[in-house]
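A closer look at the structure
Next come the chains, spelled out residue by residue.
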Amino acid sequence: MTLYVKDKVRALFVILQNPVFAAQSSYTVLAHVLRHVTALPNSDHQMLVHWFRTLEVGRLRMLVRTLTQFVTIRQFPPADRSLPPLSKSKWWIPAAARVLALLNAANNGCQPALLHYSEFYNSALDHVDLMQEYWRWQSPDRTWTVLILSVSFYAEHCCQKNYFNEGKSTKIYIRYTSCPCCVDAEHQMILVARRSLVAKVARHQTPQIDIFFLNINVRRNHLVPDSLKEIATKQKDLKKKLRVSFVGEPGLDMGGLTKEWFLLLIRDIFQPEYGMFVYYPNSRCYWFSLAQQGSLREYNLIGVLMGLAVYNSIILDLHFPSICYRKLLSPPVVPPLDSAAVGVTRDPTIDDLAEIMPDVAHGLRELLKYEGSVEEDMGLSFQMLIDICEHLQLYIQFMFYYQASLQEYDRIMTYNLKENGEHIPVTNDNREEYVRLYLDWVLNTAIYAQFRAFYLGFHSVTASNALIMLRPEEVEMLVCGSPTLDLHELRKVTEYDDYRPDDRVIQDFWSVLTSLPLELQKKFLLFTTGSDRIPVGGMGEMYFKISKMRDREENLPEAHTCFNQLILPEYPNKDVLKRKLIIAISNAEGFGLE
């Protein structure tokens, strides 16, 4: 019987959904099905992606779980030798990864996505040697390198015409719950430190421990200018491990001073008097000042800070909208030409603007769906007022000509969205063009110089192929940490020194801490760890220790932020413990030695 042209594609689409493949005994057959899928031409891959989008959520989830389990069991085969030897089935994981790439492309093509991107993670692969896999990936001579990394699937990064590259050095990306940027940072720190050591020895100089660090020395009262100067003069050391000292203070940086430097510097730079960022209370986030009040060096510094934070595994309290992280990956690798555009988001949407200015976004939506005559009924003006703080007001004005006006810091500026825009009225016919130009102006054009400096600062530290593998959401997680504060998870991993988990003081401590409001709980995290942000992976991934302070019941609790350690006196009752703890966590800044 003759098959129709696409019958083979349809057959493979149906066969892949067979629930029998959930059983390990069917994996040999499944592997050959996957091989047939990957051998299809690109036009058939595109058809499969389209069909995958039509699946019910439960069926798509079943497919993803079947293939991730297939990868796990092939990577860690059972002891009964029920699978073919690895020498004869090396192609299994690459084939599964390619089909997972098609599923991921289909999922991302749906708005909203059918599955959360984290459902493609394979946490079982945490047990592989990630550093070894990273070195293998960096080697250009490897053929069929199987990457066990937390990555965006290859189909997201390929061109529109081909889902997979041809050639011997094809690399397959599989989602992994650990971070490739962390591995890359460790890798680069080792290389840079080694170069510094070799250079010293070659000059017959005695190497000092300082050559292995990016040493930042700042005064608390001149934090921003000192930090700018230090970073500008130590560009070659940015990829070394960060070590901070405050002038005139005896604190030794084992991690705590670094955290405090980030915290204080971010807090200062985002103050309204700097004029670099505008805070929007309705969305509780910051956006770049459209009037460019700050210098480009300072925007570059913020980018460097974000890069250093990622590079040194420090979590920052930043409140940028998600489009900021998309722009940071546009493109993920800095182009070789200085004239190339960077940090530009293609076709920004009203939803992107709504994350920053929800009221303005609402006005644009109303404009698009207005049923009357836009030109006749709205020809005067439409004005939106947003209070930023008592010293700052921002006016966004739709003149309903091809212009946009705003006021920041008592300055009113009007921009033409196209040539002679002040003479072109907005009508029902051209309102979609007006909205498109307005969105591009606010999110790209008006802040291009500022964001370019910010982008280049970030990539001056993090520049590596590892960024290619990350989604914007994952970059945001690396910068800002997990949004979930779960003290019960922290309690599970807490270690005790001279206390036992069932001691009365410890029971009182956890009872008090869990009863505090969220703001005080965050202050407790800041007091004990140097950051009020939760690391990637959640609080269950933290190290935390409670030690006993003997014979000092009148003292406040103390903390060693470098080691995530709380020094807790043996208070006589819960009320005293609560009062002393709140005083300590509410009045903690600076370092000192007894």
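Residues numbered from 1 in each chain as written. Predicted model: local features only at pLDDT ≥ 70, side-chain atom pairs only at ≥ 80, totals over all residues. Heavy atoms only, no water.

The name given to the chain in an unreviewed UniProt entry is HECT-type E3 ubiquitin transferase, with Orchesella cincta as the source organism. Heading Catalytic activity (unreviewed entry) of the UniProt record for the chain holds this comment: "S-ubiquitinyl-[E2 ubiquitin-conjugating enzyme]-L-cysteine + [acceptor protein]-L-lysine = [E2 ubiquitin-conjugating enzyme]-L-cysteine + N(6)-ubiquitinyl-[acceptor protein]-L-lysine." (UniProt positions renumbered as here; feature names shortened; annotations may be inferred.)

Some details on the confidence of the model for the chain
Close inspection of predicted coordinates is inappropriate in any region flagged by low pLDDT. Overall, the predicted model of the chain reaches an average pLDDT of 79, with 77% of residues at or above 70. The model gives residues 143-178 a pLDDT under 50, and that stretch makes 129 contacts with residues more than four places away or in other chains. (pLDDT = per-residue confidence, 0-100. Contact = heavy atoms within 4.5 Å.)

Observations concerning the sheet that holds strand S13 (residues 558-560)
Strand order across the open sheet formed by four strands is S11-S12-S14-S13, with mixed pairing between neighbours. Looking at which strands have only one partner, the edges of the open sheet turn out to be strand S11 (494-497) and S13. Neighbour-to-neighbour, the strand axes of the sheet open up by a mean angle of 25°, direction not taken into account. Note: S13 against strand S14 (residues 565-569), three bridges, orientation antiparallel. Along S14, the bridge assignment pairs Glu 558 with Ile 567. (Pairing = 2+ DSSP bridges. Helix = DSSP H or I, 4+ residues; strand = E, 2+ residues; numbered from the N terminus. Axes fitted to C-alpha atoms, helices over the stretch in contact; angles between N-to-C directions.)

Things to note about the pattern of salt bridges
This structure, assessed with the given rule, holds 17 salt bridges. Arg 219 is the partner of Asp 226 in a salt bridge, and the nearest nitrogen-oxygen pair spans 2.9 Å. When its relative accessible area of 12% is taken as the criterion, Asp 226 is described as buried. Asp 503 is paired through a salt bridge with Arg 500; the nearest N and O atoms lie 3.4 Å apart. What emerges from the salt-bridge pattern is a single network uniting Arg 220, Glu 249 and Glu 260. (Salt bridge = Lys/Arg side-chain N within 4 Å of Asp/Glu carboxyl O. Buried < 20%, exposed > 50% of the residue type's maximum accessible area, 1.4 Å probe, protein only.)

Details of the packing of helix H14 (residues 358-369) against helix H16 (residues 431-443)
Two numbers describe how H14 lies on H16: the axes approach to 9 Å, and their chain directions differ by 160°. Viewed along their axes, H14 and H16 adopt a mutual orientation that is roughly antiparallel. Between H14 and H16 the crossing geometry is left-handed. Between H14 and H16, the contacting residues are Val 360, Leu 364, Leu 367, Leu 368 and Lys 369 on the first element and Arg 431, Glu 432, Tyr 434, Val 435, Tyr 438 and Leu 439 on the second. Classifying every residue of the contact of H14 with H16 by side-chain character gives eight nonpolar, no polar and three charged. (Parallel < 35°, antiparallel > 145°, perpendicular 65-115°, else oblique. Left-handed = near helix turned anticlockwise from the far one by under 90°. Nonpolar A, V, L, I, M, F, W, Y, C, P; charged D, E, K, R; others polar.)

As for a nonpolar patch on the surface
On the surface, a cluster of nonpolar side chains totalling about 340 Å² of accessible area is made up of Leu 252, Met 254 and Phe 563. Mapped onto the fold, Met 254 is located in the loop between strand S4 (241-246) and helix H10 (256-269). Accessibility expressed as a relative area gives 48% for Met 254, which makes it partly exposed. (Patch = residues over 30% accessible without salt bridge, like charges linked within 9 Å, V, L, I, M, F, W, Y side chains within 5 Å. Areas by Shrake-Rupley, 256 points an atom, 1.4 Å probe, with all protein chains shown as cover.)

Focus: the packing of helix H1 (residues 7-16) against helix H3 (residues 42-53)
Across the interface, H1 lies against H3 with an axial gap of 11 Å and an inter-helix angle of 45°. Judged by the angle between their axes, H1 and H3 are oblique. Between H1 and H3 lies a crossing of right-handed hand. Contacts between H1 and H3 pair Val 9, Arg 10, Phe 13 and Leu 16 from the former with Asp 44, Met 47, Leu 48, Trp 51 and Phe 52 from the latter. Of the residues assigned to the contact of H1 with H3, the class counts are seven nonpolar, no polar and two charged.

Section: the UniProt feature "active site" (unreviewed entry) in the chain
Residues annotated in UniProt with the feature "active site" (unreviewed entry) correspond here to Cys 562. Beyond its immediate chain neighbours, meaning those up to four positions away, Cys 562 contacts Leu 252, Met 254, Gly 255 and Gly 256.

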